[in-house]
Amino acid sequence: MAINWGSVLRKAADLAVQFLKDSQKDGRAPRRGHGGGARPGPPPTAGRVRTAPTGDRAREVAYAPEPDGAADPGEIVWTWVPYEEDASQGKDRPLLVVGRSAGELLGLMLSSQDKRAHDPDWVGIGSGAWDREGRDSYIRLDRVLEVEEHGIRREGAVLDRARFDRVADELRARYGWR
């Protein structure tokens, strides 16, 4: 497996800079990692994340996972995502990358909340390596996230082709994706 050293070095440099900044602020201890809770604004190492209704961003759906350290369509990755009701707040969460547009990744949020099972804006994809607890997951179809590639924190897993195609078919049927 080839390693994308540019991506690895860029992430290491971002983390080192953040560590230095945090350790110099008012004598506070440096922040450690990205937890699952809400945080007031994106971490300084996060890229810009924009959200839009999925129909407004209809593009070509692609499946091209390459487990090489870089995010690719068909992979579930982790990044900081702003809340809809307050974009200055958000949390680190998984996204399914479904395509690219103008140098950015297009992703759909995942959730493991059971209440999503009967919500028409979400589609179930079952469980996988992206969730340590092995819970069933759901993909949000009506909100697409545009993420700068360097804003991706880590790869979580490759979604198998059959489950990816189920999501892609919904995007095509409901929102006019190609």
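For the structure itself, look to the data block above.
Residues numbered from 1 in each chain as written. Predicted model: local features only at pLDDT ≥ 70, side-chain atom pairs only at ≥ 80, totals over all residues. Heavy atoms only, no water.

S.K.: Looking at this model, I keep getting lost on the overall build of the chain. Mind explaining?
M.R.: Per the secondary structure count, the chain includes 2 helices and 7 strands. Reading the secondary structure of the chain in the N-to-C direction produces α-β-β-β-β-β-β-β-α. Every one of the 178 residues in the chain was classed for burial, and the buried ones make up 41%. Within the chain, residue pairs in contact and separated by at least 24 positions form 67% of the contacts whose partners lie at least 6 positions apart. Summed over all atoms, the accessible surface of the chain reaches about 9500 Å², with 50% contributed by carbon and sulfur. (Helix = DSSP H or I, 4+ residues; strand = E, 2+ residues; numbered from the N terminus. Buried < 20%, exposed > 50% of the residue type's maximum accessible area, 1.4 Å probe, protein only. Contact = heavy atoms within 4.5 Å. Areas by Shrake-Rupley, 256 points an atom, 1.4 Å probe, with all protein chains shown as cover.)

S.K.: Would you mind showing me how to read the packing of aromatic side chains here?
M.R.: Think of a pair of aromatic rings as described by two things: how far the centres are apart, and how the planes are tilted against each other in angle. Under the criterion given, the structure shown has 1 aromatic pair. Look at Tyr-63 and Phe-164: their rings are 4.9 Å apart centre to centre, the planes differ by 55°, and that puts the pair in the tilted class. Of this pair, Tyr-63 sits in the loop between β1 (49–53) and β2 (75–82) while Phe-164 is found in helix α2 (residues 161–175), placing the two residues 101 residues apart along the sequence. (Phe/Tyr/Trp six-rings, centres within 6.5 Å; stacked < 30°, edge-to-face > 60°.)

S.K.: What's the story with the nonpolar core in this structure? I'm lost.
M.R.: Among soluble globular proteins, nonpolar side chains are generally buried collectively. One finds Leu-96, Ile-139, Val-167 and Leu-171 to be the most contacted residues of the largest nonpolar core, which totals 22 residues. When near neighbours in sequence (up to four residues on either side) are disregarded, Leu-171 contacts Thr-54, Val-61, Val-98, Leu-108, Leu-141, Gly-176 and Trp-177. Of all hydrophobic cores here, the second largest spans 13 residues; its members include Val-49, Trp-122, Tyr-138 and Leu-145. (Core = buried A, V, L, I, M, F, W, Y, C linked by side-chain atoms within 4.5 Å.)

S.K.: Just to check I follow, could you spell out the pairing of strand β4 (residues 104–111) for this structure?
M.R.: Looking along a regular strand, one sees the side chains alternate between the two faces of the sheet. Of all 8 residues in β4, 8 are buried; the element is thus mostly enclosed. Direction of pairing for strand β3 (residues 90–101) relative to β4: antiparallel, over a ladder of 6 bridges. Note that in β4 the partner of Arg-100 across the bridge is Leu-105. Between β3 and β4, which follow one another and run antiparallel, lie 2 residues, and Ala-102 among them has a positive phi close to 50°. (Pairing = 2+ DSSP bridges.)

Distances and angles like these do not, on their own, reveal function.
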